[in-house]
Amino acid sequence: MAFQAPIAEIAFTLKAIAGLQPAMEAGLFGDLGAETVDAILAEAGRFASEDLAPLNRVGDKIGAKLADGKVTTAPGWRDVYRRWADAGWNGLAAPEAWGGQGLPTLLNTAVNELWNSGAASFAAGPMLTAGAIEALDAHASRELKEKYLPKLVSGEWMATMNLTEPQAGSDLAAIRSRAERAGDGTYRIFGQKIFITYGEHDLTDNIIHMVLAKLPDAPPGTGGISLFLVPKFIPKADGSAGERNDVVCAGIEHKLGLHGSPTCTMIFGDKGSGAVGWLVGEEHRGLAAMFTMMNLARLTVGIQGIGVAARAFDQALAYAHERRQGRAPGAAKGEMSPIVRHPDVQRDLLRMKALTAAARAIAYSCAFAIDLSHRGPAAERARWADRASLLTPIAKAFSTDIGIEVASLGIQVHGGTGYIEETGAAQYLRDARIFAIYEGTNGIQAIDLVTRKLRLADGAAVQSLIDELSAIATEAAQSNRVDLGATGAHLTAAIARLGETTEWLTTALAQDRLTEALAGATPYLRLFGLTAGGTLLAKGALRAAADGAEGQDFAAMARFFAETVIDESAALAATVTGGSEALRLAVPTLYRDGGVAVG
Ligand SMILES: Cc1cc2nc3c(=O)[nH]c(=O)nc-3n(C[C@H](O)[C@H](O)[C@H](O)COP(=O)(O)OP(=O)(O)OC[C@H]3O[C@@H](n4cnc5c(N)ncnc54)[C@H](O)[C@@H]3O)c2cc1C
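Note that the coordinates shown come from a computational prediction; the quantities given were computed from them, not determined experimentally.

A. Focus on the overall build of the protein chain. Counting its regular elements, the protein chain contains 18 helices and twelve strands. For the protein chain, whose C-alpha radius of gyration is 24 Å, the value lies close to the compact-globule estimate of 25 Å for 599 residues. Reported as C-alpha extents along the three principal axes, the dimensions of the protein chain are approximately 80 × 60 × 55 Å. By residue count, 58% of the 599 residues in the protein chain fall in the buried class. If you take every contact in the protein chain between residues at least 6 apart in sequence, the share linking residues at least 24 apart comes to 74%. When the accessible surface of the protein chain is split by element, carbon and sulfur atoms take 53% of a total near 23700 Å². Averaged over its 55 positive side-chain charges, the protein chain has a centre that lies 3 Å from the centre of its 66 negative ones.

B. Just the site of the ligand, in detail. Near the ligand lie 18 residues; those nearest to it are Met161, Thr164, Ser170, Phe195 and Thr441. Within the side chain of Thr164, a nitrogen or oxygen atom sits 2.7 Å from a nitrogen atom of the ligand. Residue Thr197 places a side-chain N or O atom 2.7 Å away from a nitrogen atom belonging to the ligand. For the shell around the ligand, the secondary-structure elements that each account for two or more residues are strand E3 (158-162), strand E5 (187-197) and helix H12 (442-451).

C. Molecular detail of the side chain of Ser121. If you trace the backbone, Ser121 turns up in helix H5 (residues 105-139). Given the relative accessible area of 3%, Ser121 is considered buried. Excluding its chain neighbours within four sequence positions, the residues that come into contact with Ser121 are Trp77, Tyr198, Leu258, His259, Gly260 and Ser261.

D. Structural detail: the nonpolar core. Counting residues in each nonpolar core, the largest one holds 178 residues, and the members touching the most others are Trp115 and Tyr524. Sort the elements by how many residues they give to this core and helix H8 (residues 343-375) lands first, with 18 residues. Apart from residues no more than four positions distant in its own chain, Tyr524 is found in contact with Leu449, Val450, Leu454, Val462, Leu498, Thr501, Thr502, Leu505 and Val576. Ranked by size, the runner-up nonpolar core spans 19 residues in total, among them Val71, Val211, Met266 and Leu279.

E. Examining the packing of H5 against H8 more closely. Between H5 and H8, the shortest axis-to-axis distance is 8 Å and the interhelical angle comes to 145°. Crossing hand, H5 versus H8: right-handed. Judged by residue contacts, Thr105, Leu106, Thr109, Ala110 and Glu113 of H5 engage Arg360, Tyr364, Ala367, Phe368, Ile370 and Asp371 from H8. Of the residues assigned to the contact of H5 with H8, the class counts are six nonpolar, two polar and three charged.

F. Here's a closer look at a nonpolar patch on the surface. Where nonpolar side chains cluster on the molecular surface, the patch consists of Ile444, Ile447, Leu514 and Leu518 and spans about 280 Å² of accessible area. Listing elements by their share of the nonpolar patch, those giving two or more residues are H12 and helix H15 (514-519). Of note, Leu518 is situated in helix H15. Residue class for Leu518 comes out partly exposed when judged on its relative accessible area of 33%.

G. Region of the structure containing H12. Most of H12 is tucked away: seven of the ten residues are buried. Its buried side turned inward, H12 meets helix H7 (286-322), helix H9 (381-414), helix H14 (487-510), H15 and helix H16 (521-543).

Rules used in this analysis
Residues numbered from 1 in each chain as written. Predicted model: local features only at pLDDT ≥ 70, side-chain atom pairs only at ≥ 80, totals over all residues. Heavy atoms only, no water. Helix = DSSP H or I, 4+ residues; strand = E, 2+ residues; numbered from the N terminus. Rg over C-alpha atoms; globule rule 2.2 N^0.38 Å. Buried < 20%, exposed > 50% of the residue type's maximum accessible area, 1.4 Å probe, protein only. Contact = heavy atoms within 4.5 Å. Areas by Shrake-Rupley, 256 points an atom, 1.4 Å probe, with all protein chains shown as cover. Lys, Arg positive; Asp, Glu negative; His and termini not counted. Charge placed at Lys NZ, Arg CZ, Asp CG, Glu CD. Near = heavy atom within 4 Å. Polar contact = N/O pair within 3.5 Å; in protein donor to acceptor, adjacent residues only side chain to side chain. Core = buried A, V, L, I, M, F, W, Y, C linked by side-chain atoms within 4.5 Å. Axes fitted to C-alpha atoms, helices over the stretch in contact; angles between N-to-C directions. Left-handed = near helix turned anticlockwise from the far one by under 90°. Nonpolar A, V, L, I, M, F, W, Y, C, P; charged D, E, K, R; others polar. Patch = residues over 30% accessible without salt bridge, like charges linked within 9 Å, V, L, I, M, F, W, Y side chains within 5 Å. Salt bridge = Lys/Arg side-chain N within 4 Å of Asp/Glu carboxyl O.

Treat this as a map of the structure, not an account of what it does.
Below you can see the structure in the form of structure tokens.
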């Protein structure tokens, strides 16, 4: 069954929920207009369905292969990458100064969703190149920018992100890769990195590694990490790829999913004199520079979850129309009904659709906030930057969690057939599982939300978002629209819980009750995602013309979400505020030596 990209839903979420339409009307995005947006989405949807979607299966079955230090991508991938890059997709949101089109991150985020629906393993590579472009543009010297950015923006070269080492995953302070000053302005890099996405491949002639390493006089901790650019081939004066650098791929992982994306062990400086690298930003300030690329990458990983969820839903829906079993309520005697007629299957399908739509609304709102932090009225930029920071962990973790849930429900809708690899339904679940782990595990995202993001602007960032959500809930309640049912009341209750748990966590942190606050972080993030996502769906319903197709669809989704999903926030709120004592008492059962005291 060919993948049908949900273009109308995506376009509506962009324009009416995230805020693209009013921002375009206010001239914040130059002469970008609705027609151009629609044309870009239509063409991206076509490319995702016709060119990328067929790659997904071959990427999964054959995957990337390593032989003699060279990684070969699955058949067809090189050709599609070339056509994708030649069409200009890689530079859609990149700066015009370096050959990009300078379009909003928001629009690029929507297009990214489509690439991920098409083939998530394919989209993983350009995702990291986009992060490197952003980090270089913000922190690199003029010389590095001129040498590398045009080729990275055009897609002629790709980039990677080298953070993880065997002993340093979530805890980057533990990295051991080292850098030495060469005395000529360059550096020599030594060390091993693991799990590096697209660390080696045959899609481009050169690969530009962004590598974290420590100088000999580095202060301890994350304050001592520097960021280096290490090209696979050192560019010649004319810019073409020249001498081979001392960086090699020593192995690729055999993993649960995402087989089309090579996950590489990279060795720097194995020959003895070190891989030649160039400093990006200042010495010992590499993590700050890397965070420029990690924040965008976190949002984009959230988008991976949404893209795969949308694809899983599309396939499950098509299957549910084809597969006939049992007699649905109201069906003629003797009829074998399509399973889409069974209320239990309908609930699964609608939950898939509603969770995906809610996560999309959050992620696009985060992308919009990133755009306005650069292009909004000067006096409002700091506020938008805080909004983007606040939404980033939610956009990453909520979207990737629902990606797994939706893919799993997709298998359920297929029944036993879904568990069999031939349908492809199982691949979505296998692929989606990693999204909750890389780019900062979802647990780390929840901790970031609670310990750092709630404090933004002394709490004003979270409060202003809660106030906006409340205003939407009130508008829904006061609209008295029959099609919205009890949406307003359910939203109001959920937002009250969000406010109370936020207050509880803020107080716990202020009173140094860190264990209690950390124990509640993951359920709090989920509560936040459900509440914000459900409310944004209602915003969509309210902003659409009630008689238009999108308006009806969003009203139905908003009501379904509010009346059947959002009340899960009550249990989550109770877990946040009341669960830490139970956790503390149960912890000793985790220790075979009889338990430890927990503070
Ligand atoms: C397919 C794949 C692709 C990847 N691509 C890249 C890449 O391109 N570049 C790159 O640098 N890395 C990459 N990674 C690595 C990835 O980012 C790490 O796996 C991830 O950051 C988690 O680190 P870890 O695996 O060491 O787990 P750990 O850090 O050991 O975490 C294990 C568990 O402990 C929890 N935990 C750890 N610390 C804390 C804490 N302080 N508080 C609470 N809980 C904690 C985590 O949430 C997790 O549940 C990739 C990994 C995979 C599998």
